[in-house]
Amino acid sequence: MSDVSLMVNGKRVSGAAEDRTLLVHFLRENLGLTGTHVGCDTSQCGACVVHVDGKAVKSCSMLAVQASGSTVVTIEGLANGADLHPVQAAFKEHHGLQCGFCTPGMIMTATDMISRHPEGLDEATVRAELEGNICRCTGYHNIVKAILAASKTMKGSKGRAKQAA
């Protein structure tokens, strides 16, 4: 057993875990953060995407002990209280989900994608970057629409903030 200490969604957490415990299982079983889903355990589906030190990571491909000392953001940490994150709001507005199983991973991937492309996104880029996320329900059309809308909203809000300064 190893001690795992993380900053998760702004809170310092720690716990004991077997050395072979995957980050996704530590988040779900030790911390009760069940928004991060286990879809395949082989890094194929993207349902388990979280942010580790600001980067999107498939948490089924990382050991909890590897993440020790890191800052982790899960889907539960995106919203600001009752106010949805712009990507969550766009998924809701543009019906970017059906069954919802892949949605947390899609949203976490999308927020990372938008932060890496502050100049904005186009459909081809979004589709290419979603390659590691599987949705069995939607056909991706509304997911792509939601990500493009969120990117535009977030780009616009950054521009207004700069003008106000």
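Structure first, text after, so check above.
Criteria and thresholds
Per chain, residue numbering runs from 1 following the sequence as it is written. Given that the model is predicted, a residue must reach a pLDDT of at least 70 before its local features are reported, and side-chain atom pairs must reach 80 or more before they are shown or counted; all residues, however, enter totals for whole chains, interfaces and linings. Calculated side-chain values reflect all of the structure's heavy atoms, with hydrogen atoms and water omitted. To qualify as a helix, a DSSP run of H or I must reach at least 4 residues; to qualify as a strand, a run of E must reach at least 2; elements of each kind are numbered from the N terminus. For every residue, the accessible area (1.4 Å probe, protein chains only) is compared with the maximum for its type, and the residue is labelled buried under 20%, exposed over 50%, or partly exposed between those bounds. The contact criterion used throughout is that any non-hydrogen atoms of two residues lie within 4.5 Å. Any N or O atom pair separated by 3.5 Å or less is treated as a polar contact, with the protein-specific requirement of one donor-capable and one acceptor-capable atom, and with residues adjacent in sequence counted only for side-chain atom pairs. Axis definition: a line fitted to C-alpha atoms, over the contacting stretch in the case of helices. Angles run 0 to 180 degrees between N-to-C directions. Working rule for angles: under 35 degrees goes down as roughly parallel, over 145 as roughly antiparallel, 65 to 115 as roughly perpendicular, anything else as oblique. Note: crossing handedness is left-handed where the near helix turns anticlockwise from the far helix by less than a right angle, and right-handed where it turns clockwise. Note on pairing: DSSP must find at least two bridges between two strands before they are called paired. For this analysis, a salt bridge means a side-chain nitrogen from Lys or Arg found within 4 Å of a carboxyl oxygen belonging to Asp or Glu. The definition used for a disulfide is geometric: two cysteine sulfur atoms within 2.5 Å.

**Observations concerning the environment of histidine 51**
Position of histidine 51 among the secondary structure elements: in strand S3 (residues 49–52). For histidine 51, a relative accessible area of 11% translates into the label buried. For the pair histidine 51 and histidine 25, spaced 26 residues apart in sequence, the C-alpha to C-alpha distance is 15 Å. Setting aside residues no more than four positions away along its own chain, histidine 51 makes contact with Ala56, Thr71, Val72, Val73, Met108, Thr111 and Asp112. In terms of polar contacts, histidine 51 uses its side chain to reach the backbone carbonyl oxygen of methionine 108, at 2.7 Å. For histidine 51, the side chain forms a polar contact with the side chain of threonine 111, separated by 3.1 Å.

**Some words on the packing of helix H3 (residues 86–93) against helix H4 (residues 103–116)**
Between H3 and H4, the least distance of the axes is 9 Å, while the angle of their chain directions is 125°. What the angle tells us is that H3 and H4 run oblique. Taken as a pair, H3 and H4 cross one another with a handedness that is right-handed. Across the interface between the two elements, Val87, Gln88 and Phe91 from H3 touch Thr103, Met106, Ile107, Ala110, Thr111 and Ile114 from H4.

**Some words on the pairing of strand S1 (residues 2–8)**
Relative to strand S2 (residues 11–17), S1 runs antiparallel, the two sharing seven bridges. For leucine 6, the partnering residue across the bridge sits in S2 and is valine 13. In sequence, S1 turns back onto S2 through a hairpin of two residues, with asparagine 9 there showing a positive phi of about 50°. Here S1 runs beside strand S5 (residues 71–73); their pairing, made up of two bridges, is parallel. Its bridge partner being in S5, methionine 7 is matched across the sheet by threonine 71.

**Digging into the pattern of salt bridges**
Tallying each qualifying case throughout the model produces four salt bridges. Residues arginine 116 and aspartate 112 are paired through a salt bridge, measuring 2.8 Å at the closest nitrogen-oxygen approach. Taken together, the positions of arginine 116 and aspartate 112, both in helix H4 and four residues apart, correspond to about one turn of that helix. A salt bridge links arginine 116 to glutamate 129; the shortest N-O distance between them is 2.4 Å. With a gap of 13 residues between them, arginine 116 in helix H4 and glutamate 129 in helix H5 (residues 123–129) connect regions that are remote in the sequence. Here arginine 116 falls in the partly exposed class, since its relative accessible area comes to 43%.

**Let's talk about the state of the cysteines**
Covalent bonding between the sulfur atoms of two cysteines defines a disulfide. The full count for this structure, using the stated rule, is zero disulfides. Cysteine 45 takes part in no disulfide bond, and the closest cysteine sulfur to it belongs to cysteine 40, at a distance of 3.7 Å. Of the residues examined, cysteine 45 reaches a relative accessible area of 9% and is grouped as buried. Take cysteine 102: it sits in no disulfide, and the sulfur closest to it among the cysteines is that of cysteine 135, at 3.7 Å. Looking at cysteine 102, the relative accessible area reads 10%, which means it is buried.

**Section: the sheet that holds S2**
Spatial ordering of the open sheet is given by S2-S1-S5-S3-S4, a layout of five strands whose pairing is mixed. Each edge of the sheet is formed by a strand with only one pairing partner; in this case those strands are S2 and strand S4 (55–58). On average, each strand axis in the sheet is tilted by 40° relative to the strand beside it, whichever way the strands run. For S3 and S4, the ladder comprises four bridges, and the chain directions are antiparallel. Following the sheet pairing, valine 49 is matched in S4 by lysine 58. Along the sheet face, H4 touches S3, S4 and S5 and points at about 40° away from the line of S3.

So, to be careful, I would describe these as geometric facts and stop short of saying anything about function.
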